[in-house]
Amino acid sequence: AQSVTQLDSQVPVFEEAPVELRCNYSSSVSVYLFWYVQYPNQGLQLLLKYLSGSTLVKGINGFEAEFNKSQTSFHLRKPSVHISDTAEYFCAVTPGYSTLTFGKGTMLLVSP
Amino acid sequence: EAGVTQFPSHSVIEKGQTVTLRCDPISGHDNLYWYRRVMGKEIKFLLHFVKESKQDESGMPNNRFLAERTGGTYSTLKVQPAELEDSGVYFCASSHNSGAEAFFGQGTRLTVV
């Protein structure tokens, strides 16, 4: 079985500041890792994913994440956030690219 | 190309009533998944269809929940009778095959009062 921990339920940040959303996971097998974003009144959208290869993964809207196997982490980062990045972000894992195990989500609140 | 579509977007029902949620996957996607997010909790897997067959229904909370996918196209999730703890957002996702990325719908927000 897998589990995902998103350590922060809310992250307030000012526009143009950098941000890091933390994600740690637990699994007895190798997993694929994902970050999804849910903008207000919209569905879940895939931000980026790690399947194999380079541990630094770049996604849409300027986001990137780094897979750290020894620390079982997959933290999401953006060097400069915009108001439009205000959304809820979900980290998820799957052992075989099928059913996903999600974290509780982190609400990113960007203010001017 | 149309994405995953869910109906209704919101539903408010009284405890004890029946509600049916519908999901139309992306055309040609054999795999269809239902997930649920109860307020303040994580998004949890409910079940997985491959075409019209239930591949995995280990996440279904109890026998008040019935999912169907007749003909391998759209799917319905019926809750009967609804209880207060069934309130939450129900997400549907579909993928072309089990090894492919899943695309999510906008979700149905169910409120049981």
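Before reading further, recall that the structure is shown in the block above.
Asks: Help me out: how do you make sense of the overall build of chain B in this one?
Replies: Scanning chain B from N- to C-terminus turns up 0 helices and 11 strands. For chain B, the N- to C-terminal ordering of α and β elements is β-β-β-β-β-β-β-β-β-β-β. What you see for chain B is a C-alpha radius of gyration of 13 Å, in line with the 13 Å of a compact globule of 113 residues. Taking the principal axes of its C-alpha atoms as reference, chain B extends roughly 35 × 25 × 25 Å. When the 113 residues of chain B are sorted by exposure, 45% land in the buried category. For chain B, the centre of its 12 positive side-chain charges and the centre of its 13 negative side-chain charges are spaced 4 Å apart.

Asks: Please explain the sheet that holds strand β1 (residues 5-7) of chain B as it appears in this structure.
Replies: Sheets are built from strands that pair by backbone hydrogen bonding, the pairs being arranged parallel or antiparallel. Residues and elements named next belong to chain B. If you trace the 4 strands from one edge of the open sheet to the other, you get β1-β3-β8-β7, paired in antiparallel fashion. Unpaired on one side and paired on the other, β1 and β7 (65-68) mark the two borders of the sheet. With direction set aside, neighbouring strand axes in the sheet form an average angle of 15°. Inspection of the sheet shows β7 paired to strand β8 (residues 75-79) by 4 bridges, in the antiparallel sense. Bridge pairing links Glu 68 to Thr 76 in β8.

Asks: Explain the packing of aromatic side chains to me, please; I cannot follow it from the model alone.
Replies: For any two aromatic rings, the description comes down to two numbers: the centre-to-centre distance and the angle of the planes. Using the criterion set out here, one finds 13 aromatic pairs over all chains in the structure. Here Tyr 25 of chain A and Phe 67 of chain A contribute two aromatic rings whose centre-to-centre distance is 6.3 Å and whose plane-to-plane angle is 25°, an arrangement assigned as stacked. Linking Tyr 25 of chain A in strand β4 (residues 24-27) with Phe 67 of chain A in strand β8 (residues 64-68), this pair joins segments that are 42 residues apart in sequence. The pair Tyr 25 of chain A / Phe 67 of chain A is uniform in exposure class, with both members buried. Ring plane angle 80° and centroid distance 6.1 Å describe the contact between Phe 102 of chain A and Phe 104 of chain B, whose orientation is recorded as edge-to-face. Taken as a pair, Phe 102 of chain A in strand β11 (residues 101-102) and Phe 104 of chain B in strand β10 (residues 103-104) lie in two separate chains rather than in one. Each member of the pair, Phe 102 of chain A as well as Phe 104 of chain B, carries the same accessibility label: buried. Three or more aromatic residues joined by ring pairs form one cluster here, namely Phe 34, Tyr 36, Phe 90 and Phe 102 of chain A together with Tyr 33, Tyr 35, Phe 45, Phe 91 and Phe 104 of chain B. The ring of Tyr 74 of chain B is capped by Arg 22 of chain B, whose NZ or CZ atom sits 3.8 Å from the centre of that ring.

Calculation criteria
- Residues numbered from 1 in each chain as written.
- Chains lettered and ligands numbered in written order.
- Predicted model: local features only at pLDDT ≥ 70, side-chain atom pairs only at ≥ 80, totals over all residues.
- Heavy atoms only, no water.
- Helix = DSSP H or I, 4+ residues; strand = E, 2+ residues; numbered from the N terminus.
- Rg over C-alpha atoms; globule rule 2.2 N^0.38 Å.
- Buried < 20%, exposed > 50% of the residue type's maximum accessible area, 1.4 Å probe, protein only.
- Lys, Arg positive; Asp, Glu negative; His and termini not counted.
- Charge placed at Lys NZ, Arg CZ, Asp CG, Glu CD.
- Pairing = 2+ DSSP bridges.
- Axes fitted to C-alpha atoms, helices over the stretch in contact; angles between N-to-C directions.
- Phe/Tyr/Trp six-rings, centres within 6.5 Å; stacked < 30°, edge-to-face > 60°.
- Lys NZ or Arg CZ within 6 Å of the ring centre and 35° of its normal.

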